[in-house]
Amino acid sequence: MDIERIIDELHLYEKKVLKALEKLEPPISPEDIVKSEKMDIKAVMSALGSLESKGLVSVHKSVDKILKPTHASKKYAIKGLPERQILQLLSKEGPLEISEIMKKSSLDKTENKVAIGWLMRKKWAKIEDNTIKITSEGEKSLERLGSDEILLQELAEKGQIKLSSLSDKLKKAFKLLNQRKGLLKVKKVKEHEIHLTDKGKTILERGLEIREEATQLTHDDLKTGRWKKLYYRGYDIHAEYPIIFPGKMHPLKRIIEEIRDIFLKMGFTEARGPIIESAFWNFDCLFQPQDHAAREMQDTFYVKNPPETKLPDKSLVEKVRMVHEDGGSTGSEGWQYKWDVEIAKKSVLRTHTTCVSARFLLENKPPLKMFSIGRVFRRETITYKHLPEFHQVEGIVAAENVTFKNLLGILREFYTRLGFKVRFRPAYFPYTYLSTECEIYLPEKETWIELGGAGMFRPEVLEPLQVETPVAAFGLGIERLAMIRLGIEDIRMLYQSNLGWLRSLPVCP
Ligand code: FA5
């Protein structure tokens, strides 16, 4: 602990408060310091706050109650509580009927009722043969006051009393009186009791000099040379400061931007496609048979409005039909069924971004390198790694000499640039041959997880689109990549506005 530094950085008010704590008798409240140092309460509280943050004082907070008498209780403090007034009446007159009490007492009707109630509750009187008689307990009480009455008198005398200052007996009396309407005014107050810590005591032992501090250096101070004699307090470079959470990009968006940057740097062109797509582009054109499981309603979202989407040029539709039915001129047998153009017209929310690649191939001639990032939709049950709406990055490379090996090289390069180790497993997709699935290595879990699919587009896909070169294609999930990147176990985190988590992420990755 650098005592000299702490002393040098103490504000004048902090020094005054420390000195006051040294001389005042505990328990010490901020109000005691205000009185002894003739300081403003705000200055005392702010000095206490910073002394506490420096560990020089500790402030114990507690809640107390201030009790004050009401107009009614002041009256009863003189004349006695209603039950005492009736007790005295009974002692003078002997047993009385209720109607007689009502007539003879100086209390009003409500007060009489209250008095009779409390006479019974305190066992000062009992009802026998319709008359109210004093009990032996009542006789004794004629000689002495109850603790509730003592408290009432003390309150009337002192004007106000702190609950914590009462004896246990009077605290019980407070509970009793407080049950009665209109006898007490009770106000909750926060109390601060201040103690010097050992660190604070060490500082005081070392000695504190209280002298006026210069808060501003004026032109005049400089000109006259007065600045040489002024006392300046050191800056507290360890002072507490508010934590700032600067605005930043959402982590998923950041990863998307990173992926975009990598493909642009690898010489790819970015393309986009519609989110509401025809089944034709999403499935048929990718040689996905019309009875394929992925096309079922339980896997794909079909769109009611518009129910159908315009199909491309008739000759392309016709070529796709032929490829499905018997392979057309590709040399393949096709799927050997009757292809239905009505099914192909249906509107769907695209289930993958591979349709963007197909559309791109129709409009652009190889050689080409294209990538596309976008949202896709699947009728999935939400789990820690499944969402019904997620992002994919899709890509194709088309050129005379492109091979499956080039495809693996591109994917390895992409994942390496993102900082991952990748491996490939054989896979199946209706639109590619050879096909593969890429897996990423998770060092913490010592496992591999599947992040995307890839392969060489089949002739059944390429021929109708009139593409004559080989085409390497891939489609990779982005959210799962983000999960690994951000070290989160649940994919849903990416879509929840969990501000605590978002704030905890670094501004720059
Ligand atoms: C496809 O979507 C293929 N179109 C990929 C492809 C493109 C293969 C081009 C060949 C050529 P798959 O259904 O496996 O493949 O999805 C690709 C990736 O999307 C998955 O590996 C996974 O990372 C991610 N993914 C799939 N379903 C979900 C889901 N419900 N929630 C989050 N991510 C998902």
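Residues numbered from 1 in each chain as written. Predicted model: local features only at pLDDT ≥ 70, side-chain atom pairs only at ≥ 80, totals over all residues. Heavy atoms only, no water.

This paragraph deals with the site of the ligand. Contacts to the ligand come from 24 residues, most closely from His352, Thr354, Arg378, Tyr431 and Glu450. His352 is positioned such that a nitrogen or oxygen atom in its side chain is 3.0 Å from a nitrogen atom of the ligand. One of the side-chain N or O atoms of Gln392 is found 3.1 Å from an oxygen atom in the ligand. Protein contacts shield 93% of the accessible area of the ligand, which totals 680 Å² for the unbound molecule. Comparing atom positions with the cavity grids shows the ligand to sit within the largest pocket. Of all the elements in the fold, those that place two or more residues in the shell around the ligand are strand E11 (389-398), strand E14 (447-457) and strand E15 (471-477). With 5 residues, E14 is the single largest residue contributor to the shell around the ligand. Its residues placed into classes, the shell around the ligand shows 9 nonpolar, 9 polar and 6 charged. (Near = heavy atom within 4 Å. Polar contact = N/O pair within 3.5 Å; in protein donor to acceptor, adjacent residues only side chain to side chain. Areas by Shrake-Rupley, 256 points an atom, 1.4 Å probe, with all protein chains shown as cover. 1 Å grid on protein atoms, 1.4 Å probe; cavity = no way out; pocket = protein on both sides within 12 Å on 5 of 7 lines; lining within 4 Å. Sits in = over half its atoms within 2 Å of the grid points. Helix = DSSP H or I, 4+ residues; strand = E, 2+ residues; numbered from the N terminus. Nonpolar A, V, L, I, M, F, W, Y, C, P; charged D, E, K, R; others polar.)

For the rest of this paragraph, the subject is helix H3 (residues 30-37). Residues of H3 that are buried: Pro30, Ile33 and Glu37. The buried residues of H3 occupy an angular sector of 55° when the element is viewed end-on, so they sit on one face. Among the structural elements, helix H2 (12-23), helix H4 (41-53) and strand E6 (184-196) are those in contact with the buried residues of H3. Backbone geometry just after H3 places Lys38 at a positive phi near 55°. (Buried < 20%, exposed > 50% of the residue type's maximum accessible area, 1.4 Å probe, protein only. Arc of directions from axis to C-beta. Contact = heavy atoms within 4.5 Å.)

Its domain assignment divides the protein into domain 1 (69-174) and domain 2 (252-495). The centre of domain 1, based on its C-alpha atoms, is set 90 Å off from the matching centre of domain 2. (Domains from an automatic or database assignment.)

Time to look at the pattern of salt bridges. Across all of its chains, the model carries 34 salt bridges by this definition. Residue Arg260 pairs with Glu257 through a salt bridge whose shortest N-O separation is 3.1 Å. One end of the pair is Arg260 and the other is Glu257, both in helix H14 (residues 251-265) and 3 residues apart, which spans about a single turn. With relative accessibility at 28%, the residue Glu257 sits in the partly exposed group. The salt bridge partner of Glu277 is Arg359, with a shortest N-O separation of 2.8 Å. One end of the pair, Glu277, is in strand E8 (residues 276-278); the other, Arg359, is in helix H18 (residues 354-363), and 82 residues separate them in sequence. (Salt bridge = Lys/Arg side-chain N within 4 Å of Asp/Glu carboxyl O.)

Take the pairing of strand E12 (residues 422-426) next. As paired strands, E12 and strand E13 (residues 432-442) are joined by 5 bridges and run antiparallel to one another. Directly across from Arg423, in E13, lies its bridge partner Glu439. Connecting E12 to the antiparallel partner E13 that follows it, the hairpin turn spans 5 residues. (Pairing = 2+ DSSP bridges.)

A separate point is the sheet that holds strand E7 (residues 269-270). Strand order in the open sheet formed by 7 strands is E7-E10-E11-E15-E14-E13-E12, with mixed pairing between adjacent strands. On the outer flanks of this sheet lie E7 and E12, each paired with one strand and no other. By the bridge criterion, 2 bridges tie E7 to strand E10 (residues 368-377) in an arrangement that is parallel. The residue of E10 that forms the bridge with Glu270 is Phe371.

What follows is about unusual backbone geometry. It is generally the case that most residues other than glycine have a negative phi and that most peptide bonds are trans. Going from Pro26 to Pro27, the amide bond is cis rather than trans, its omega being 0°. Within the element layout of this structure, Pro27 appears in the loop between H2 and H3. In this structure, the amide linkage connecting Asn305 to the following residue, Pro306, adopts the cis form with an omega of 5°. Locating Pro306 in the fold gives a position in the loop between helix H15 (279-282) and helix H16 (314-326). You will see that Lys38, though not glycine, has its phi angle at about 55°, which is positive.

What follows deals with helix H8 (residues 109-121). Counted at 1.5 Å a residue, the expected span for H8 with its 13 residues is 18 Å, and the 19 Å between its end C-alpha atoms agrees. Where the residues of H8 are buried, they touch helix H5 (71-79), helix H6 (82-93), helix H7 (98-104), strand E3 (125-128), strand E4 (131-134) and helix H11 (168-178). By the N-cap criterion, in which a side-chain oxygen at the helix start approaches the backbone nitrogen of a residue two or three places on, H8 is capped by Asp108, the distance to Thr110 being 3.2 Å. Downstream of H8 by a residue or two, Lys123 has a phi angle that is positive, lying close to 60°. (Expected span 1.5 Å × (residues − 1).)

Now for a positive patch on the surface. A grouping of Lys68, Lys74, Lys185 and Lys187 is seen on the molecular surface, where their side chains present a positively charged patch. Along the chain, the position of Lys74 falls in helix H5. The exposure class of Lys74 is partly exposed, given its relative accessible area of 45%. (Patch = residues over 30% accessible without salt bridge, like charges linked within 9 Å, V, L, I, M, F, W, Y side chains within 5 Å. Lys, Arg positive; Asp, Glu negative; His and termini not counted. Charge placed at Lys NZ, Arg CZ, Asp CG, Glu CD.)

All right, on to the layout of surface pockets then. Considered as a void within the structure, the largest pocket measures approximately 860 Å³ in volume. Lining the largest pocket are 41 residues, with Arg378, Phe390, Gln392, Phe429 and Glu450 sitting closest to its centre. Those elements giving two or more residues to the lining of the largest pocket turn out to be E11, E13, E14, E15 and helix H21 (479-486). Ranked by residues supplied to the lining of the largest pocket, first place goes to E14 with 7 residues. Counted by class, the lining of the largest pocket contains 16 nonpolar, 15 polar and 10 charged residues. (Points joined across faces, edges and corners; volume = space filled by probe spheres on them.)

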